[in-house]
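Residue-level listing of the chains:
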Amino acid sequence: MTAEKTPSNDGFTLLEVLIAMFIMLIAFTSIFSIQSSAIQVTNRAKQTNTVAMLLKNAMLRAELEVEGKSFEEVSKETSGTFEPPFEEYGWTRNVKELEFPNLVPNAQGGDGGSAGEGDQSSNLVGRLVTKFLSKSIRRLEVSVKWKKSGKEQSVSTSTFWVDLNHEMALSE
């Protein structure tokens with residue numbers, strides 16, 4: 001008796017190979033998509049960090065420039081670009097006057113007399129203090145601008161600049 005050898009079926013069928021390749025394709029596509037999203041998030045974080053650093057730098061320079069100067073010595077609006085490697089970013093600085101509302105609203109006296117005189121003098125003091133504060137405080141605003149995808153983007157910050165070195169007028 002001779003034993004006949006049957007052919008070995010140790011390999012994979014074509015269907016099994018195609019299914020395995022399809023599963024690998026889905027896995028690689030998912031990995032690529034996740035990696036692409038991670039790169040976009042990293043780039044956005046890098047740009048946000050760069051803009052924050054440039055904004056802080058521009059504000060510090062503006063504060064140093066106005067330190068010890070009167071309002072008249074500093075231009076109301078200035079702009080420029082940053083030095084390389086940040087030349088695609090620009091900055092603007094604005095100094096804006098503030099108008100305060102009257103700090104002592106007009107009081108309606110009930111029976112007139114000496115209360116009316118007190119109201120009149122407190123209104124005068126309120127107007128004088130309001131005028132003094134309006135002349136003593138400015139808003140210093142710094143903005144950083146850049147283009148992204150053809151659209152201009154900007155971020156701003158502001159602080160208040162106080163100059164109390166001038167005399168307070170005692171009359172209107």
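To be clear, the structure that these remarks concern was listed above.
These numbers were taken from a predicted model, which means no experiment stands behind them. (Residues numbered from 1 in each chain as written. Predicted model: local features only at pLDDT ≥ 70, side-chain atom pairs only at ≥ 80, totals over all residues. Heavy atoms only, no water.)

Colleague: Please explain the nonpolar core as it appears in this structure.
Modeller: Proteins that are soluble and globular tend to have nonpolar side chains buried together. One finds F82, Y89, L140, V142, V144 and W161 to be the most contacted residues of the largest nonpolar core, which totals 17 residues. Elements supplying a minimum of two residues to this core: α1 (14-66) and β3 (137-148). When residues of this core are assigned to their parent elements, the largest contribution, seven residues, is made by α1. (Core = buried A, V, L, I, M, F, W, Y, C linked by side-chain atoms within 4.5 Å. Buried < 20%, exposed > 50% of the residue type's maximum accessible area, 1.4 Å probe, protein only. Helix = DSSP H or I, 4+ residues; strand = E, 2+ residues; numbered from the N terminus.)

Colleague: Is there a simple way to think about the environment of M59 in this case?
Modeller: You can see M59 is positioned in helix α1. Classification of M59 as buried rests on a relative accessible area of 9%. Residues contacting M59, with those up to four places away along its chain left out, are L140, V142, T157, S158 and T159. (Contact = heavy atoms within 4.5 Å.)

Colleague: What is the right way to read a nonpolar patch on the surface from this model?
Modeller: A cluster of nonpolar side chains, namely L15, I19, F22, I23, L25 and I26, defines an oily patch on the protein surface of about 630 Å² accessible area. Position of L15 relative to the elements: it lies in helix α1. Residue classification places L15 among the exposed positions, given a relative accessible area of 58%. (Patch = residues over 30% accessible without salt bridge, like charges linked within 9 Å, V, L, I, M, F, W, Y side chains within 5 Å. Areas by Shrake-Rupley, 256 points an atom, 1.4 Å probe, with all protein chains shown as cover. Salt bridge = Lys/Arg side-chain N within 4 Å of Asp/Glu carboxyl O.)

Colleague: I tried to follow the pairing of strand β2 (residues 90-97) on my own but got confused; where do I start?
Modeller: In regular strands, side chains alternate between the two faces of the sheet. Summarising the sheet, strand β1 (residues 77-81) and β2 pair through five bridges and their orientation is antiparallel. Note that in β2 the partner of E77 across the bridge is N94. With eight bridges connecting them, β2 and β3 associate as antiparallel partners. Paired with T92 across the strands is S143, a residue of β3. (Pairing = 2+ DSSP bridges.)

Colleague: Help me understand the sheet that holds β2, please; the structure alone is not making it clear to me.
Modeller: Sheet strands line up and pair through hydrogen bonds in the backbone, either parallel or antiparallel. In space, the four strands of this open sheet follow the order β1-β2-β3-β4, with antiparallel pairing throughout. Whereas interior strands pair on both sides, the edge strands pair on one side only; in this sheet they are β1 and β4 (151-162). Each adjacent strand pair in this sheet contributes to an overall mean axis angle of 15°, direction not counted. (Axes fitted to C-alpha atoms, helices over the stretch in contact; angles between N-to-C directions.)

Colleague: In this structure, what is going on with the pattern of salt bridges? I would like to understand it.
Modeller: Pairing between side chains of opposite charge can happen when the charged atoms of each approach one another. For the coordinates displayed, the defined rule picks out four salt bridges. Between E141 and R139 there is a salt bridge; the shortest N-O distance is 3.5 Å. Its relative accessible area of 14% is what places E141 among the buried residues. In this structure, a network of salt bridges that share partners links the residues K96, R139 and E141.

Colleague: Explain the layout of surface pockets to me, please; I cannot follow it from the model alone.
Modeller: In this model, the largest pocket occupies a volume close to 270 Å³. Around the largest pocket, the lining is made up of 14 residues, and of these N57, A58, R61, F82 and W91 lie nearest the centre. Going through the elements one at a time, α1 and β2 are the ones with two or more residues in the lining of the largest pocket. When residues in the lining of the largest pocket are grouped by element, the largest group, seven residues, is from α1. Here the lining of the largest pocket is built from residues that sort into eight nonpolar, two polar and four charged. (1 Å grid on protein atoms, 1.4 Å probe; cavity = no way out; pocket = protein on both sides within 12 Å on 5 of 7 lines; lining within 4 Å. Points joined across faces, edges and corners; volume = space filled by probe spheres on them. Nonpolar A, V, L, I, M, F, W, Y, C, P; charged D, E, K, R; others polar.)

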